[in-house]
Amino acid sequence: VATLSLQDQWSDDQGVFNRLITAERAIQAGDTPFYPVRSAGLGGRVVHAPFGLRMAPLPAEFFCSGHLVWTQQAGATRSCMSVHATFTEYGDAGKRWRMLESGLWAVVEPAYFTQ
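For clarity, every value in this text was computed on a predicted model and none was experimentally measured.

Conventions used here
Residues numbered from 1 in each chain as written. Predicted model: local features only at pLDDT ≥ 70, side-chain atom pairs only at ≥ 80, totals over all residues. Heavy atoms only, no water. Pairing = 2+ DSSP bridges. Helix = DSSP H or I, 4+ residues; strand = E, 2+ residues; numbered from the N terminus. 1 Å grid on protein atoms, 1.4 Å probe; cavity = no way out; pocket = protein on both sides within 12 Å on 5 of 7 lines; lining within 4 Å. Points joined across faces, edges and corners; volume = space filled by probe spheres on them. Nonpolar A, V, L, I, M, F, W, Y, C, P; charged D, E, K, R; others polar. Buried < 20%, exposed > 50% of the residue type's maximum accessible area, 1.4 Å probe, protein only. Contact = heavy atoms within 4.5 Å.

Can you help me understand the sheet that holds strand β2 (residues 46-48) in this one?
Strand pairing in a sheet relies on backbone hydrogen bonds, with the paired strands running either antiparallel or parallel. Across the sheet, which stays open at both edges, the three strands sit in the order β1-β2-β3 with antiparallel pairing between neighbours. The sheet is open, and its two edges are formed by β1 (39-41) and β3 (54-55), each paired on a single side. Looking at chain direction, β1 and β2 are connected through two bridges and run antiparallel. Paired with G41 across the strands is V46, a residue of β2.

Below you can see the structure in the form of structure tokens.
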């Protein structure tokens, strides 16, 4: 499996998110910045974001962080529908290893776990 080769600082998921909510980008595009946060509904749980987007938190029980899965749950995914590994040591190789060990990376031959 090839390792991603990021071409610029905005190529990864965290970089894209940071770019999305950075005031400078919104102002350059003639839009309202993310901050100050403005409610878009549900008592403030949905907020306005630049570029006409709306944002809301996802329940951590179902959209799990790597810390929750690998540190707090010893690699068990339990009720997670997705797992993100944004901050994992050793870059893509570390992310793949964590996903492999939890059975979340493609189909792996059973021999992988015994050899």
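What am I meant to see in the layout of surface pockets here?
One water molecule sets the probe size; rolling that probe over the atoms shows where empty space is left. Empty space within the largest pocket amounts to approximately 310 Å³. Forming the walls of the largest pocket are twelve residues, and the residues nearest its centre are A56, P57, L58, F63 and H84. Classifying every residue of the lining of the largest pocket by side-chain character gives seven nonpolar, four polar and one charged.

Explain the side chain of S102 here, please?
When you line up the elements, S102 lands in the segment after α4 (91-101). A residue is classified by how much of its surface remains accessible, and S102, at 17% relative accessible area, is buried.

For this particular structure, what's the right way to read α4?
In an α-helix, one turn spans 3.6 residues; hence positions three or four apart end up facing the same way. Within the sequence span of α4, burial applies to G94, R96, M99 and L100. Buried-residue contacts for α4 involve α3 (66-72) and β5 (82-84).

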